[in-house]
Structures are given as C-alpha cells and as structure tokens.
Amino acid sequence: GLPTSAQRSVRLTQCKMDYNMGWLVQAEAPPGALLTTLRKTVLSGNVSQQDIMFYFVHWFTDLSGAFPTPLGGSEKFVLNFPMKVLGSFASSFSIISDLGNASSETEVYESYIRWRWESHKPALGPLPQGVGAVAKIRLVLMAQGNSKMFLNAFSKLQEADRKILCEELARTGCEGQRYQHDVLKDGRGPAFLVYYAPAFLQKAGLLDPNGALSILAEILRQARNMWPLKTAASGVNVTLKIDALKAETVAGCRSSHPEEAWVLEKLNDKTAIVSRVQLPKADETPDVDWSQRAILNFARYFRAGSMEVPGLEI
C-alpha cells in the first residue's frame, strides 16, 4: 500500500478546508473566509509542506474530475479555463504554501494580490496605497480583464458607493489582522464574501462598469445594515450569495415590474441571498418575514411607491 506519508497527503484532500482556488485567484473572498480553516490545519503540526502542495494539486485536478468522463474533464480545462486563468491557479500554489510558515492569513493573501497587481500586463502603475488600495486590487482581480476601465469607473463612482467598496473590501475577516497597504484600521466585523461577484462584474461590468460597481456597493450597503459592525465579530465571515445576478446586465438589474423588486434576504447568521421577489399588495398580509429582507435600490431613481411593508426599509 501507500507509505504513511502518502496516506496522510491523501487524507488531507478529504478534509473540509473551506478553500476555493477561484476565491483566491479572483479575490472573491476575504482572507478569513478563504484561509482560516486551512491555516489552522497547517498549524496543527500534523501537515507537512508536501501535504499542502498535494492538496493544491488535488483541488486543481478535481475541477476536471467533477465530470464523469475523461473527455468531459479535458473539455472543462480546454473550454472553460483560459490559459491565463490556469496560469493564475498554478502560480498561486507557492504563495499560499507560506501558510505553513509564520505568515498570517492576511499577510499571505495580501502578498498574493500584491504580486498579481505588480505582474499585471499591461502594467497598471504603482501598487495602490492608502484609502481604497485593497478595493482597487481586488476589483481588478474580480474583473479578470478591462482593468483600467474598472479602475476608471471606480474613481468616478458616487462618493457614498466608493466609500462602501473601500471599507467593505478591506475587511479581513481575521481577528486582529489588517492589510499593510490600506488605511482602514477598523477591525470590527463581520467581513463579507460576495459569492459570484466576479461573474457579475465580468458580465454586467463589460457594458457598464460604473453601474456594476454601484450595484455591488448597494448589496454591501444593505448587508452592513443587516450585520452591524461589532468588535466581537472581527473574525466572522458572512456569505452573500448573488448568483441570481451573475447572468444579468446592469440594465436588467435596474428594470423591474412595479410589483417586483430585488431583495437581500438573511437566511441565517452567516448567509444572505439576493433574489427577485413579488412585492405584497397593500391590502394583503405578507406571507414571508420582511424583517429579514431589504430591498436593493439598484435603479438610481427607484421608488417603491406609497406601499409600506412591515419591517422593510429602503
């Protein structure tokens, strides 16, 4: 059978690590959501550097293994993963392996996104510093293309929207940890993982980057209303699932039937979901708990009319 060391490497691949390579390569998740579980495992002393690297290779090949045939798996790599994306995956291995050293989750994550900015082609200029530094880098990685267009759109956002993105994208989700290249010192949480934000920006942002960024800001704004900042939540990470928007354009998000609205609904203490729902009529009792929902104001001049829904705020 396999040597003991090899058996240990294989067992590690079956552990629940909450690690997603796409969350790293596209800067989709904050460090806490992405790396905390993996780092705890590494620091337990029962995992070697070899085990970590094998885990990454397993995750990589598992992408194709999700398909039941060799042809299907091969097509997954050839058709769904451009060489640029595959290269980004492979290049991340050596940086993330630093979790086995003294580096914290945020230090490893920041080292990675910094490297991606500095190696970007065409060059994007000096590494951002100060207010919005991390937000700019993460948005570039989420967009996976048209980087200067997104950076220009970010600079032209309404101040309130830009402030939301600067603050929320700079929260680490790791207790006591801050980014070196950003000025946000507020360590309270929770931090947000906007699941499918890259897919949304890559689709909707292609035609209207400013609109796509403002929609992302609105989602984060309403999420923060649901989860007020607390010192005790500095190491907490909340997932906002926006897969309902990933195929939408900005125009599609902003157009809705008068009896419908996009809402953010709190499912539990660590999850919320974006969906389009029917609004209750003025003379009927809502069949859902609207205290757990918030209307998302995607349209600049959206109004809900005179209707009032118990527990609902716009």
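Computed from a predicted structure; not experimentally measured. (Residues numbered from 1 in each chain as written. Predicted model: local features only at pLDDT ≥ 70, side-chain atom pairs only at ≥ 80, totals over all residues. Heavy atoms only, no water.)

Moving on to the environment of Gln-292. By the element assignment, Gln-292 lies in the loop between strand E4 (271-278) and strand E5 (293-295). Considering only alpha carbons, one finds Gln-292 and Leu-264, 28 residues apart in sequence, at a separation of 8.3 Å. Residues contacting Gln-292, with those up to four places away along its chain left out, are Met-226, Leu-264, Glu-265 and Lys-266. (Helix = DSSP H or I, 4+ residues; strand = E, 2+ residues; numbered from the N terminus. Contact = heavy atoms within 4.5 Å.)

Turning next to the pattern of salt bridges. Enumeration over the complete set of coordinates arrives at 12 salt bridges. With a closest N to O distance of 3.9 Å, Asp-186 and Arg-171 form a salt bridge. Pair noted here: Asp-186 is in the loop between helix H10 (159-168) and strand E1 (191-195) and Arg-171 is in the loop between H10 and E1, with a separation of 15 residues, a long-range link. The class for Arg-171 is buried, based on a relative accessible area of 4%. Among the ionic pairs, Glu-248 bridges to Arg-276, the shortest N-O distance being 4.0 Å. With Glu-248 in the loop between strand E2 (237-241) and helix H13 (250-254) and Arg-276 in strand E4, the pair connects residues that are 28 residues apart, well separated along the chain. By sharing partners, the salt bridges in this structure join Glu-168, Arg-171, Asp-186, Arg-188 and Arg-224 into a single network. (Salt bridge = Lys/Arg side-chain N within 4 Å of Asp/Glu carboxyl O. Buried < 20%, exposed > 50% of the residue type's maximum accessible area, 1.4 Å probe, protein only.)

Moving on: the layout of surface pockets. If you add up the space inside the second largest pocket, you get close to 430 Å³. Surrounding the second largest pocket, 18 residues form its lining, Asp-18, Gly-32, Ala-33, Asn-237 and Lys-270 being those nearest its centre. Put simply, the parts of the chain that give the lining of the second largest pocket at least two residues each are helix H3 (31-43) and E2. For the lining of the second largest pocket, the leading source of residues is H3, giving five residues. Of the residues assigned to the lining of the second largest pocket, the class counts are six nonpolar, seven polar and five charged. (1 Å grid on protein atoms, 1.4 Å probe; cavity = no way out; pocket = protein on both sides within 12 Å on 5 of 7 lines; lining within 4 Å. Points joined across faces, edges and corners; volume = space filled by probe spheres on them. Nonpolar A, V, L, I, M, F, W, Y, C, P; charged D, E, K, R; others polar.)

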